[in-house]
Amino acid sequence: MKDYFISLKKEITDYIENNYNFDSIYIGGGTPTLTVYEISDLIDYIKQYFNIKDISIEGSIYDINEEKIKLLKSIGVTRLSLGIESFQSTTQKEIGRPQLDYEEIMNKIEIASSINTLNVDILFNLPYQTIKDLSYEINKAKESKANQITFYPIMPSIRNSDLFKEPSENNEKPFYYYILKSFQNSDFIQSNAWTFTRNQNSITDEYIVDYPFFVGVGTGAMSYINGKYYVNSFNINKYEKMVCEGNMPVVLSKKLSLREQVYLEFIYKFYSLIIDKKIFEKLFNIDIENYMKNELSLLAFINAIKYENDRIVLTDYGKYIANLIMKNFYINISKIRKYCIENNL
């Protein structure tokens, strides 16, 4: 583990020496709170070079305690996301997670609630899930001390789990609409197609919404820089060797055409529920209404969008479409991960 964090620092140093500038950090890729002390050291290192305003980190409900929360706060973590997935022990068992009872989960959430933005992830559209089950999850999440809730539709697993192999979409639409209805007239606002938050100034896990370009460091990390996608090695030994030898640990890359860049940014902004025309003028020097005239006409025809001054806003049906688009986006990202793992890249 020590060698891996040394490699992470070296990869970050390469970006520092090439005059990159960052103001936000998003730490994910499983359960980084298991290595909270190493993460703390890494963040301290990054802060020596950049003025960091936001730090978001994924966490496991199983290893959260008061000591770790205190340390996360001390290093400036502004958002913690806990992958609870379900408040029901029977569902936890079905999805292969260690079982925790409701009281224990609520206690863990309360411990973590001193973080400015505390998100909990909940799965929906599970094979055996009913509206009653989903209602229970929503109500318990609202009752908790979390001030942000993200609902992820179940997606195929690259680990070939029977549960996640081919999720049915028969219930996804009524489930999604039920989630939307459950947050109407509440103290939550919808931040994107999947996330609801009490704190209007909070950040979400989807940094792609707020930043047109991003750099990913570490094994399996992905970067999008100036219209080009990069994928780091998924093999930790190969990753460490490449970094140690002074090479970028990139194993796949693709330069996007202008149209592909525009479409990608449109997908990200569509997911955020609001499309600001000025952003496309700034990034690509285009009028998005003219550039995507046919696509926008179709979306308006099916009542997925409406126009408000210089913005295009999604309707509830548009939000459901955004849910489907982003789900399939992540499914394809998982296929890239699977390809890299199977080919030892």
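In this text the structure is predicted, and so the values were computed from the model without any measurement.

Trainee: How should the pattern of salt bridges be read in this particular structure?
Mentor: Pairing between side chains of opposite charge can happen when their charged atoms approach one another. Under the counting rule described, the total for this entry stands at 16 salt bridges. The salt bridge involving Glu143 is made with Lys140; its shortest N-O contact spans 3.4 Å. With a gap of three residues between them, Glu143 and Lys140 both fall in helix α6 (residues 131-143), about one helical turn apart. A relative accessible area of 17% means that Lys140 is categorised as buried. Among the ionic contacts, a cluster of salt bridges with common partners joins Glu169, Glu172 and Lys327.

Trainee: I keep staring at the nonpolar core and nothing clicks. Help me out?
Mentor: Most often, soluble globular proteins have nonpolar side chains that are buried together. Of all hydrophobic cores here, the largest spans 96 residues; its most connected members are Leu72, Leu80, Ile84, Ile109, Phe151, Phe266 and Phe270. Here this core takes eight residues from helix α13 (residues 316-342), the largest share from any one element. Once residues lying within four places of it in the same chain are set aside, the contact partners of Phe151 are Ile122, Phe124, Ile138, Ile179, Phe183, Trp194 and Phe196.

Trainee: What's the story with the packing of aromatic side chains in this structure? I'm lost.
Mentor: The relation between two aromatic rings is expressed through the spacing of the ring centres and the mutual angle of the planes. A full pass over the atoms with the stated rule returns 25 aromatic pairs. Look at Tyr4 and Tyr239: their rings are 5.7 Å apart centre to centre, the planes differ by 50°, and that puts the pair in the tilted class. Here Tyr4, found in helix α1 (residues 2-17), pairs with Tyr239, found in helix α8 (residues 236-244); they are 235 residues apart in sequence, far enough to count as distant. Accessibility expressed as a relative area gives 16% for Tyr4, which makes it buried. Taking relative accessible area as the criterion, Tyr239 reaches 0% and is therefore assigned buried. Both rings, one in Phe214 and one in Tyr224, keep their centres 6.5 Å apart while their planes meet at 50°; by these two values the pair is tilted. Taken together, the residues Phe214 in the loop between β7 (195-197) and β8 (222-225) and Tyr224 in strand β8 connect sequence positions ten residues apart.

Trainee: Even after reading the chapter, I still don't get the packing of helix α7 (residues 172-182) against α13, so can you show me in this structure?
Mentor: In contact at an axis separation of 10 Å, α7 and α13 are set at 120° when each is read in the N-to-C sense. Relative to α13, the element α7 is oriented oblique. The hand of the α7/α13 crossing is right-handed. On α13, the residues touching Glu172, Lys173, Tyr176, Tyr177 and Leu180 of α7 are Asp316, Tyr317, Lys319, Tyr320, Asn323, Leu324 and Lys327. Broken down by class, the residue content of the contact of α7 with α13 amounts to six nonpolar, one polar and five charged.

Trainee: Looking at this model, I keep getting lost on the environment of Ile122. Mind explaining?
Mentor: Structurally, Ile122 can be placed in strand β4 (residues 117-124). The exposure class of Ile122 is buried, given its relative accessible area of 0%. Residues Ile122 and Tyr263, spaced 141 residues apart in sequence, show a C-alpha to C-alpha distance of 29 Å. Not counting chain neighbours up to four residues away, the residues in contact with Ile122 comprise Ile84, Glu85, Ser86, Phe87, Glu137, Ile149, Thr150, Phe151 and Tyr152.

Trainee: For this particular structure, what's the right way to read the sheet that holds strand β1 (residues 24-27)?
Mentor: Adjacent strands of a sheet form backbone hydrogen bonds with each other and so pair up, either parallel or antiparallel. Across the sheet, seven strands lie side by side as β1-β2-β3-β4-β5-β7-β6; this open sheet has mixed pairing. The open sheet has two edge strands with one neighbour each: β1 and β6 (189-190). Of the pairings in the sheet, the one linking strand β5 (residues 148-153) to β7 comprises three bridges and is antiparallel in character. Bridge assignment links Ile149 to a residue of β7, and that residue is Phe196.

Trainee: Looking at this structure, I do not really get helix α3 (residues 66-74). What am I missing?
Mentor: What sets the pattern is the α-helix's 3.6 residues per turn: residues three or four places apart point alike. Buried within α3 are the following residues: Lys68, Ile69, Leu71 and Leu72. The buried residues of α3 all sit within an arc of 160° when viewed along its axis, so they share a single face. Across α3 from its buried face, at more than 90 degrees, point the exposed residues Glu66, Glu67, Lys70 and Ser74. In this structure, the buried side of α3 is in contact with α2 (36-47), β2 (54-59), β3 (79-85) and α5 (102-112). At the N-terminal boundary of α3, the capping side chain belongs to Asn65, with an oxygen 3.2 Å from the backbone nitrogen of Glu67.

Trainee: I keep staring at α7 and nothing clicks. Help me out?
Mentor: Regarding α7, the residues found buried are Glu172, Phe175, Tyr176, Ile179, Leu180 and Ser182. Down the axis of α7, the sector holding all buried residues measures 165°, keeping them to one side. On the buried face of α7, the contacting elements are β4, α6, β5, β6, β7 and α13.

Trainee: How should the pairing of β4 be read in this particular structure?
Mentor: Moving residue by residue along a regular strand, the side chains alternate between the two faces of the sheet. In terms of residue burial, β4 counts as a mostly covered element, since eight of its eight residues are buried. The alternating pattern of β4 places Thr117, Asn119, Asp121 and Leu123 and Leu118, Val120, Ile122 and Phe124 on opposite faces, both of which are buried. Sheet topology note: the β3/β4 ladder contains five bridges and is parallel. Within β4, the position partnered with Glu85 by the bridge is Ile122.

Trainee: Any chance you could explain unusual backbone geometry here in plain terms?
Mentor: With glycine set apart, most residues show a phi of negative sign, and most peptide bonds adopt trans. Phi is positive for Asn226, which is not a glycine, with a value near 50°. Among the secondary structure elements, Asn226 is positioned in the loop between β8 and β9 (228-232). Not every positive phi belongs to a glycine, and Leu273 is a case in point at roughly 85°. Within the fold, Leu273 resides in the loop between α9 (258-271) and β11 (274-276).

Calculation notes
Residues numbered from 1 in each chain as written. Predicted model: local features only at pLDDT ≥ 70, side-chain atom pairs only at ≥ 80, totals over all residues. Heavy atoms only, no water. Salt bridge = Lys/Arg side-chain N within 4 Å of Asp/Glu carboxyl O. Helix = DSSP H or I, 4+ residues; strand = E, 2+ residues; numbered from the N terminus. Buried < 20%, exposed > 50% of the residue type's maximum accessible area, 1.4 Å probe, protein only. Core = buried A, V, L, I, M, F, W, Y, C linked by side-chain atoms within 4.5 Å. Contact = heavy atoms within 4.5 Å. Phe/Tyr/Trp six-rings, centres within 6.5 Å; stacked < 30°, edge-to-face > 60°. Axes fitted to C-alpha atoms, helices over the stretch in contact; angles between N-to-C directions. Parallel < 35°, antiparallel > 145°, perpendicular 65-115°, else oblique. Left-handed = near helix turned anticlockwise from the far one by under 90°. Nonpolar A, V, L, I, M, F, W, Y, C, P; charged D, E, K, R; others polar. Pairing = 2+ DSSP bridges. Arc of directions from axis to C-beta. Polar contact = N/O pair within 3.5 Å; in protein donor to acceptor, adjacent residues only side chain to side chain.

Remember that the coordinates give geometry; whether it matters functionally is a separate question.
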